[in-house]
Every structure is written in structure tokens, then in C-alpha cells.
Amino acid sequence: MFNHLFTDDVVQFLIEINHDRAEDILLKMDKDKAEKVRGLLSYKEETAGSIMTKELVSISATDLVNDVLEKLRNEAPNAEIIYYLYVVDAIGTLVGVVSLRDLIIAQPDEVIENIMTTRIVSVLEDMDQEDVGRLIKKYDFLAAPVVSKQNRLLGIVTFDDVMDILEAEATEDFGEISATKGATDIDLSAFTAAKKRAPWIIILMFLGLITGGVIGQFEETLETVVMLAVFIPMIMGSAGNIGTQSLAIAVRGLALGTIERSSFWKMIRREFSTGFMIGLTCMLLISIMITFLYGNLMLALIVGISILCTFGVSAVIGSTIPLLINKLKLDPAIASGPFITTINDIVGLLIYFSIATSLMDFL
């Protein structure tokens, strides 16, 4: 069975099982096939080399169309994909590519060199698999050739593998952004899921002590105007919500590659403006409501201004932290939603109580 599987599928299976069992399977496989599999296993995990397959059709630039069609009849059953035929020279260097469509409509006596394209989009063997996926998605390829640093054709990565990769990467990012990394599989036991999720929760719990410390620092203000306590949950919740929205937009932009170095400040300005405008709307609504319910215009002003400032700052924090983490060459998804929420809770309370303390004499 393994002798008839494509090499990339064999590799993915052997990676998942016990090393000794994998070695036993390789020893029983066809020698040439096993050698190809060992070659792929030697690559670093999650690189183009580790996910490529060697079952492809390569041709020469001097071949005739009719000869290539005959070659296809013989080799196509063993190739994973035949929609692209890769043209190589005598030493295996990739020099061009011919689509099956161009091959079929060409004259039988036409030379491949005349119908091939030399504008080749290829990936290096050590390119990260997520980058390979983005490239294939960007160009709508069915496959992409994998080359060495000397541009020698090593194999291809096909779109079906890329779909699996993008799904796995999306799951990983979802786990990071929700602080549940490694625990998104519903088949995990409760104990295993708790073990994987507990570290973030413990960290956030201690960060929550800072929130309590902020409230404690303004104890005198709270004792003077007890009514301020009523709006603490709203300030904290709103700050966390606006920050999480900005976080999602920033992480998504980084994942799609739509945020370039030149657009960094543009995005910060946009998120601040967005947060400010949302804050302005909420400030007007909450101020009217507080004035109507409590008959206290100054209290309405304090809460309204706090909302306005908090929204602007929280939006910037939510978008800035993943961008800074990305600058450090780390996965921006680790700037999880709960982490951003906790940070914005602290910032929101500082803004709220600072404004309240400054204007307390007017209450």
C-alpha cells in the first residue's frame, strides 16, 4: 500500500507514528520509493521540502509535443498532477513550465521551448509551509514547483496539501488568539484540555490582580462618589471589546499579508480614528442616558469622556501589540484576545478614575 501512495502522503503518515514503526515500514517498502521518502523526512518540519511530492512529470525544452504526449500516457498514472509539466535542462535546473492546455492545443511537431513559459513562480525547499500556501492561493495554482538554492527541481507542492496546511494554520491561530492553543480538538479529554488552557488563565488571573490594584489606588475617589462603581463593568467590558476587534483585524491583515511596513502608521491612525468615532457615538448615548436616569450632568460627562478616550486608546493597543510581536518575528496570534482584554481593562480603569478624580470637586 505504501509503495503505491504518493511520497508526501507516506511522509505525513510516518511523521505521525512511532519512529521505530516508521523505520520498519521503510525497510519493507520498495528501495527507490523508500529513498525518496527518507529524503523528504530529512527536511525540517513545516517547510516546502517536507510537504512536497516527487511524483511529477518533467520534460526537456528540446522535446517535441507529440513525444511529450506519448510520455504522458506512460507516466501520468504515477504522477500526482499533470496539469503542469516542468521543463528542466540536462542537470535538472528548472527553466520553464508548460500547462496541459498549451500542450494539447500545440502542433504535434512543435518544440517545447517554443510553447513553454519562462516566467516561473517557484518556492525554495526551506520556505515555511504557510508561505507556500499563501503563494499558491495568491496565484490560484494547482501546484507549485519546489527548487533548491541552485534552482534545481526537487518536487511539487499540490493545492490539496495546501488546503490542509491552511486549515491547520487557521486552527493554530484560532487557538493562539483565544488562548486555547493545543486545546481546540473536541476529542481531547477534559484533563488534557484543562492542562493546555490553564497556563494562560493563570497568567491572566494574576494580571487581573493589577486591575484590582488600580481600583484600590482610587479607593478614596470611590468612597467619595460611590455611584462611579456602577459604571466600572461597562468601562472594562467596552475597552476589552474594542481592543479585541482591533486585534482580530490586525492579525487577519498580517496573516493575509495586507499590512506592509509602509502601512503600519496608516493602520494605527485608522484604528484610533475608528475607536474615537465609535467612542464619540457611545459617549453621546451614555451621557444622555445617565443624565436622564441619574440627573447628574457631571457624572454623565465623566463617564462619556472616559468612554471616548478609552475606545481610542484600546483600539490602538489592540492593533499595535500584534504588529509589534510580528516585528519581533513571532506569531502575532499569541497576542490573544483575553490578554488584550485584560490590558485594556487596566487602561480603561486608569483613564476612568483619573478623569473622575480630576473632576471630583464638581460632582
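Report follows, based on the coordinates. Everything quoted here is computed from the prediction, not taken from an experiment. Every chain begins its residue count from 1, and numbering advances along the sequence as written. Note on the predicted model: pLDDT of at least 70 is required for a residue's local features to be given, and 80 or more for side-chain atom pairs to be given and counted; whole-chain, interface and lining totals, by contrast, use all residues. As a rule here, side-chain values cover all heavy atoms of the structure and leave hydrogens and water aside.

## Quick look at the overall build of the protein
Here's step 1: Per the convention used, a helix needs a DSSP run of H or I reaching at least four residues, while a strand needs a run of E reaching at least two, with both numbered from the N terminus. Helices and strands together make up the secondary structure of the protein, namely 15 helices and six strands.
Here's step 2: The globule rule puts the C-alpha radius of gyration for 363 residues at 21 Å, and the 29 Å found for the protein is more than 25% above it.
Here's step 3: Counting over 363 residues, the protein shows a buried share of 43%.
Here's step 4: When contacts within the protein are restricted to residue pairs at least 6 apart in sequence, those whose partners lie at least 24 apart make up 67%.
Here's step 5: Method for areas: the Shrake-Rupley scheme with a 1.4 Å probe, in which residue coverage is limited to the protein chains shown. A total of about 20,000 Å² of accessible surface is found on the protein, and carbon and sulfur atoms cover 60% of it. Here the radius of gyration uses the C-alpha set of atoms, whereas the globule reference equals 2.2 Å times the residue count to the power 0.38. Burial classes: relative accessible area under 20% of the type maximum marks a residue as buried, over 50% as exposed, and values in between as partly exposed (1.4 Å probe, protein chains only). Working rule for contacts: check all heavy atoms of both residues, and any pair within 4.5 Å makes them a contact.

## Describing the sheet that holds strand 1 (residues 58-59)
By way of backbone hydrogen bonds, the strands of a sheet pair with one another, either parallel or antiparallel.
Here's step 1: Only strands joined by at least two bridges in the DSSP assignment are considered to pair. Judged by pairing direction, the sheet is mixed, and its three strands sit side by side in the order 1-2-3 without closing on themselves. Edge positions in the open sheet fall to strand 1 and strand 3 (94-99), since each of these has one partner strand only.
Here's step 2: Here five bridges tie strand 2 (residues 84-88) to strand 3, and the two strands are oriented antiparallel to one another. Bridge assignment links Y86 to a residue of strand 3, and that residue is V97.

## A few points about helix 5 (residues 65-75)
Here's step 1: The set of residues buried in helix 5 consists of V65, V68 and L72. The arc enclosing the buried residues of helix 5, seen along the axis, measures out at 55 degrees, which places them on a common side. Among the exposed residues of helix 5, those oriented more than 90 degrees off its buried face are R73 and N74.
Here's step 2: Those residues of helix 5 that are buried lie in contact with strand 1, strand 2, helix 6 (100-105) and helix 7 (112-115). Arc definition: it is the arc formed by the directions from the helix axis to the C-beta atoms.

## Description of the packing of aromatic side chains
Here's step 1: Each aromatic pair joins two rings of Phe, Tyr and Trp (for Trp, the six-membered one) with centres within 6.5 Å, and gets the label stacked for planes under 30 degrees apart, edge-to-face for over 60, and tilted for any other angle. The final tally for this structure, using the stated rule, is seven aromatic pairs.
Here's step 2: An aromatic cluster is defined as three or more aromatic residues linked by ring pairs; in this entry it consists of Y84, Y139 and F141.

## Brief notes about the environment of S99
Here's step 1: Its location among the elements puts S99 in strand 3.
Here's step 2: Its relative accessible area of 21% is what places S99 among the partly exposed residues.
Here's step 3: Sequence separation between S99 and Y86 is 13 residues, and the spatial gap between their C-alpha atoms is 8.7 Å.

## Section: the packing of helix 2 (residues 19-28) against helix 3 (residues 31-41)
Here's step 1: Simply put, an axis is a line fit to the C-alpha atoms, just over the touching stretch for a helix, and the angle between two N-to-C directions goes from 0 to 180 degrees. At a minimum axis separation of 9 Å, helix 2 and helix 3 run at an interaxial angle of 145 degrees. In this structure, helix 2 uses E23, L26 and L27 to contact helix 3, whose residues at the interface are A34, V37, R38 and L41.

## Comments concerning the side chain of K33
Here's step 1: Within the secondary structure layout, K33 lies in helix 3.
Here's step 2: You can call K33 buried: its relative accessible area is 11%.
Here's step 3: Under this definition, polar contacts are N or O atom pairs within 3.5 Å; protein pairs additionally need one hydrogen-donor-capable and one acceptor-capable atom, and for neighbouring residues in sequence, both atoms have to be side-chain atoms. For K33, the side chain forms a polar contact with the side chain of E55, separated by 3.1 Å.
Here's step 4: For K33, the residues in contact, after removing those within four places along its chain, are F2, N3, L5, F6, T7 and E55.

## Brief notes about helix 3
Here's step 1: What helix 3 keeps buried is the set K33, A34, V37 and L40. For helix 3, the arc enclosing every buried residue in end-on projection is 120 degrees, short of the 170-degree limit, so these residues lie on one face. Among the exposed residues of helix 3, those oriented more than 90 degrees off its buried face are K31, D32 and E35.

Interpretation in functional terms is not warranted from these geometric data alone.
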